[in-house]
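So the chains spell out like this:
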Amino acid sequence: MRPGTLVRLALAGTRTDLLRVFLTLVAAALAALAFLAAATVLSIPLNPANNNGDADQYGNLLLREPGLRPGVAIALLMLTIPVLALAGQAARLGAPARDRRLAAYRLAGMTPGQTLRVAVAETGVASFAGALLALVAYLVARPLLHRYDERGALALPTDVLPAPGWLAAITLGIPLLAALTAALTLRKVTVTPLGVVRRALRSQAPKPWPWALILIGFAAFAAVQPLTLWYAGRNLEMPSGLVLALLFGGGLASTVGLVLGAGSLSYAIGRLLHRFGRGPATLLAARRMISDPWHGSRTYAALFAVLIFAGGAAGFRAYFETNAFVEAESQRQWDVLTGSPTAAAGVNDFSDFYLRTMDLVQAAVLVGLVIAVAGLLIAVAEGVAGRRRTYAALMASGVPRGVLGRSVAWQSLAVVVPATLLALGTGVTAVLGVFGDKLTAVGGGGPHCAASPEICADPAQAPAHTREIVLEPVVRAIPLPISDLLLYGGGTLAAVLLTVVVGALLIRSDAGPEILRTS
């Protein structure tokens, strides 16, 4: 098969197929932009004029200090999680029609290997176009955003360009990864002239082992503070590698456990609804959740991962706000005891930097939630399209459209509500496990000379005007970030309700009884 023929067959199809290609292109472009931004941050060179290597040309400390740049790059890479999930949901859009088209290719004489290459080429070509578009947009935007503020500092690292090898690796690596993922996904799919056969059949009851990963994650978070105290009791400093291993390992285990555990959660809730449900909508949702419990794992994977990160971000913000209050209160004590003018209510520059950084993190979380919700909308549309005949048969047998819409709501919310609480709780618990439930500014103080600078500088006169200042310890509990959790949780539930409404509208307009005659 010639390459031109391969590309033409891969991009053939209906408007739904074109929409799938377009969404794959958009997802690849967003992922490439995130990778390019991370590579740019990591490419900022050390400044030889400073001992610590600070890049003084930037106004933001996140870009100026070398020790903070890896965290910025990791945060940018975290945004690719919902983007890649969006690409996965887009690949399922219009799957039945694509399966029929591939079967027609087989009927026309195409081999199984050629049909696999056609399916993989669709994802690869769309991803390459998206990555190339992102590279062009990145190169065009650099000179447009290269501006200095009133202090002569840059807001973005537009003076840095990653090495050509990195640019080529990102532009070519994303479509290659997408093509390999598509090939791996289709490894157990056989395209025959009469249709598509999936050889892998799953057992009805998902195993509950993923919940053990969540417990392991909680244990890793809870072990940070006791280990820190254990090292401190021996006048040792806890190795930073151990801290990172516990935090990263606990976060990864919790995220994987929640995503994979959504299948067993859906199955368990479906069993409960089937046993205690009293309405047709509830019973329909229960049977659907029992027959396909992995639907939640596929659909809500990115959403749950973003919510865990959101819970952690809310916990960090509560910690920084509490730390700012403790430091300000300790400073206020010193000002009162020394007769100095008390500073206005607020936080110091150091704490304010971290609070402004958390504002950026919160914005990134909201962007991730928007991308995850876009994936949910695609999943709802794909689910309705894939079950059109089922819905049509139910309506033909007398089931009202409203009952079908309520069944979609039960199926979605019954899994999302407990999983949202668990995801946000996991993120907050991670922070509390590291920092504890309260902060203490250890009392201290020191000598203070209550005279003019000239007298205080005179060794003979200074002792007569110097007294020892003793500060009381300041203790404040880290509050539960209710407002941030309500923002993330309420926004998630509102977004899921929006997808439910979209699903109900699609059922009403696209799955009528006439489908039984025309499809």
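### Looking at the overall build of the chain
When helices and strands are tallied, the chain shows 19 helices and 6 strands. Buried residues in the chain amount to 43% of all 519 residues. Considering only intrachain contacts with a sequence separation of at least 6, the fraction spanning at least 24 residues in the chain is 78%. Carbon and sulfur atoms provide 67% of the accessible area of the chain, an area that totals close to 27,000 Å².

### Looking at unusual backbone geometry
Non-glycine residue Asn-235 carries a positive phi angle of around 55 degrees. You can see Asn-235 is positioned in the loop between helix H10 (224-233) and helix H11 (240-276). The exposure class of Asn-235 is exposed, given its relative accessible area of 74%.

### Focus on the side chain of Thr-426
Mapped onto the elements, Thr-426 comes out in helix H16 (residues 401-435). For Thr-426, a relative accessible area of 2% translates into the label buried. Separated by 2.7 Å, the side chain of Thr-426 and the backbone oxygen of Leu-422 make a polar contact. If sequence neighbours within four positions are ignored, Thr-426 has contacts with Phe-218, Phe-221, Ser-254 and Ile-308.

### Remarks on the packing of helix H9 (residues 210-222) against H16
Taken N-terminus to C-terminus, the directions of H9 and H16 make an angle of 25 degrees; their axes are 8 Å apart at the nearest point. Judged by the angle between their axes, H9 and H16 are roughly parallel. Contact residues: Trp-211, Ile-214, Phe-218 and Phe-221 in H9; Leu-422, Thr-426, Thr-429, Ala-430, Gly-433 and Val-434 in H16. Grouping the constituent residues of the contact of H9 with H16 by class yields 7 nonpolar, 3 polar and no charged.

### Description of the pattern of salt bridges
Taken as a whole and judged by the stated rule, the model has 1 salt bridge. Two residues, Glu-321 and Arg-317, come together in a salt bridge whose shortest N-O distance is 3.4 Å. Taken together, the positions of Glu-321 and Arg-317, both in helix H13 (residues 295-338) and 4 residues apart, correspond to about one turn of that helix. Relative accessible area serves as the criterion here: at 16%, Arg-317 is assigned to the buried category.

### A word on H16
Across its 35 residues, H16 extends 51 Å between first and last C-alpha, which sits within 8% of the 51 Å expected from 1.5 Å per residue. Leu-413 marks where H16 bends most, by close to 25 degrees. One or two residues past the end of H16 sits Gly-436, with phi positive at roughly 85 degrees.

### Some points on the side chain of Thr-158
You can see Thr-158 is positioned in the loop between helix H7 (112-145) and helix H8 (164-185). The class for Thr-158 is buried, based on a relative accessible area of 10%. Contact partners of Thr-158, with chain neighbours within four places excluded, come to Arg-142, Leu-145 and His-146.

### A closer look at the packing of helix H2 (residues 15-42) against helix H4 (residues 69-78)
Contact pair H2 / H4: the axes reach a minimum separation of 8 Å and the direction vectors enclose 175 degrees. Here H2 is positioned roughly antiparallel relative to H4, judged by the angle of their axes. Contacts between H2 and H4 involve Ala-34, Phe-35, Ala-37, Ala-38, Val-41 and Leu-42 on the former and, on the latter, Arg-69, Pro-70, Val-72, Ala-73, Leu-76 and Leu-77. Its residues assigned to classes, the contact of H2 with H4 comprises 11 nonpolar, no polar and 1 charged.

### Quick notes on the nonpolar core
Among the nonpolar cores identified, the biggest contains 43 residues, and Leu-303, Phe-304, Val-365, Leu-369 and Tyr-488 are the most heavily contacted of them. Among the elements that make up this core, the one with the highest residue count is H13 (14 residues). By size, the runner-up hydrophobic cluster in this structure holds 16 residues, among which are Ala-29, Leu-36, Val-83 and Ile-371.

### Side note on the packing of aromatic side chains
Counted by the stated rule, this structure contains 3 aromatic pairs. Look at Trp-230 and Tyr-231: their rings are 5.1 Å apart centre to centre, the planes differ by 90 degrees, and that puts the pair in the edge-to-face class. Taking relative accessible area as the criterion, Tyr-231 reaches 17% and is therefore assigned buried. Three or more aromatic residues joined by ring pairs form one cluster here, namely Phe-316, Tyr-319 and Phe-320. Above the plane of the ring of Phe-325 lies Arg-476, whose end atom (NZ or CZ) is 4.0 Å from the centre.

### Things to note about H9
Taking 1.5 Å of rise per residue, 13 residues should cover 18 Å, and H9 covers 19 Å from first to last C-alpha, within 8% of that figure. Burial in H9 covers these residues: Pro-210, Ile-214, Gly-217, Ala-220 and Phe-221. End-on, the buried residues of H9 take up no more than an arc of 120 degrees, which puts them together on one face.

### A closer look at a nonpolar patch on the surface
Together, Phe-128, Leu-132, Val-136, Val-140, Leu-144, Leu-145, Leu-156 and Leu-172 line one region of the surface with nonpolar side chains, adding up to about 710 Å² of accessible area. For the nonpolar patch, the leading source of residues is H7, giving 6 residues. Within the fold, Leu-145 resides in helix H7. Judged by its relative accessible area of 47%, Leu-145 is partly exposed.

Reading the values: the criteria
Residues numbered from 1 in each chain as written. Predicted model: local features only at pLDDT ≥ 70, side-chain atom pairs only at ≥ 80, totals over all residues. Heavy atoms only, no water. Helix = DSSP H or I, 4+ residues; strand = E, 2+ residues; numbered from the N terminus. Buried < 20%, exposed > 50% of the residue type's maximum accessible area, 1.4 Å probe, protein only. Contact = heavy atoms within 4.5 Å. Areas by Shrake-Rupley, 256 points an atom, 1.4 Å probe, with all protein chains shown as cover. Polar contact = N/O pair within 3.5 Å; in protein donor to acceptor, adjacent residues only side chain to side chain. Axes fitted to C-alpha atoms, helices over the stretch in contact; angles between N-to-C directions. Parallel < 35°, antiparallel > 145°, perpendicular 65-115°, else oblique. Nonpolar A, V, L, I, M, F, W, Y, C, P; charged D, E, K, R; others polar. Salt bridge = Lys/Arg side-chain N within 4 Å of Asp/Glu carboxyl O. Expected span 1.5 Å × (residues − 1). Bend = angle between axes of the 7 residues up to and from the residue. Core = buried A, V, L, I, M, F, W, Y, C linked by side-chain atoms within 4.5 Å. Phe/Tyr/Trp six-rings, centres within 6.5 Å; stacked < 30°, edge-to-face > 60°. Lys NZ or Arg CZ within 6 Å of the ring centre and 35° of its normal. Arc of directions from axis to C-beta. Patch = residues over 30% accessible without salt bridge, like charges linked within 9 Å, V, L, I, M, F, W, Y side chains within 5 Å.

These values are about where atoms sit, not about what they do.
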